[in-house]
Amino acid sequence: MMTFLNGLLRLRRGPWEVLATIIIALGVFMLMQPFVLWGFTYSFITTLVGTVMFIIVSHFGEDE
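Residues numbered from 1 in each chain as written. Predicted model: local features only at pLDDT ≥ 70, side-chain atom pairs only at ≥ 80, totals over all residues. Heavy atoms only, no water.

Colleague: Tell me what's going on with helix α2 (residues 13–32), and back it up with residues and numbers.
Modeller: When the terminal C-alpha atoms of α2 are compared, their 29 Å separation across 20 residues agrees well with the 28 Å that a helix rising 1.5 Å per residue should span. Buried residues of α2: Pro15, Ala20, Gly27 and Met30, and no others. Along the axis of α2, the buried positions cluster into a sector of 135 degrees, meaning they face one direction only. Turned more than 90 degrees away from the buried face of α2, the exposed residues are Ile22, Phe29 and Met32. Check the buried side of α2 and you find it contacts α1 (2–9), α3 (37–41) and α4 (43–57). (Helix = DSSP H or I, 4+ residues; strand = E, 2+ residues; numbered from the N terminus. Expected span 1.5 Å × (residues − 1). Buried < 20%, exposed > 50% of the residue type's maximum accessible area, 1.4 Å probe, protein only. Arc of directions from axis to C-beta. Contact = heavy atoms within 4.5 Å.)

Right under this line is the structure:
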């Protein structure tokens, strides 16, 4: 856990890609769930933020 947080603080690609992937998965889950209207309402923007974040962090430095 400390390695993950350290990687986030040092702007390393691996941990940020994991975080972006989790945000994308959360957006897709929000899109497919039928119970909470606000989840469906914000699903597209959540997926979009995760996708743009993934594109940006793919240019970060490799893990050492």
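Colleague: Any details on the side chain of Gln33? Residues and values, ideally.
Modeller: For Gln33, the position within the fold is in the loop between α2 and α3. Within polar-contact distance, the side chain of Gln33 engages the backbone oxygen of Met30 at 3.4 Å. Contact partners of Gln33, with chain neighbours within four places excluded, come to Gly39 and Phe40. (Polar contact = N/O pair within 3.5 Å; in protein donor to acceptor, adjacent residues only side chain to side chain.)

Colleague: Hey, could you go over the packing of α1 against α2 for me, with residue numbers and the actual values?
Modeller: Two numbers describe how α1 lies on α2: the axes approach to 7 Å, and their chain directions differ by 95 degrees. If you check the angle between α1 and α2, you find them roughly perpendicular. Across the interface between the two elements, Phe4, Gly7 and Leu8 from α1 touch Pro15, Trp16, Val18 and Leu19 from α2. When grouped by side-chain class, the residues that make up the contact of α1 with α2 number 6 nonpolar, 1 polar and no charged. (Axes fitted to C-alpha atoms, helices over the stretch in contact; angles between N-to-C directions. Parallel < 35°, antiparallel > 145°, perpendicular 65-115°, else oblique. Nonpolar A, V, L, I, M, F, W, Y, C, P; charged D, E, K, R; others polar.)

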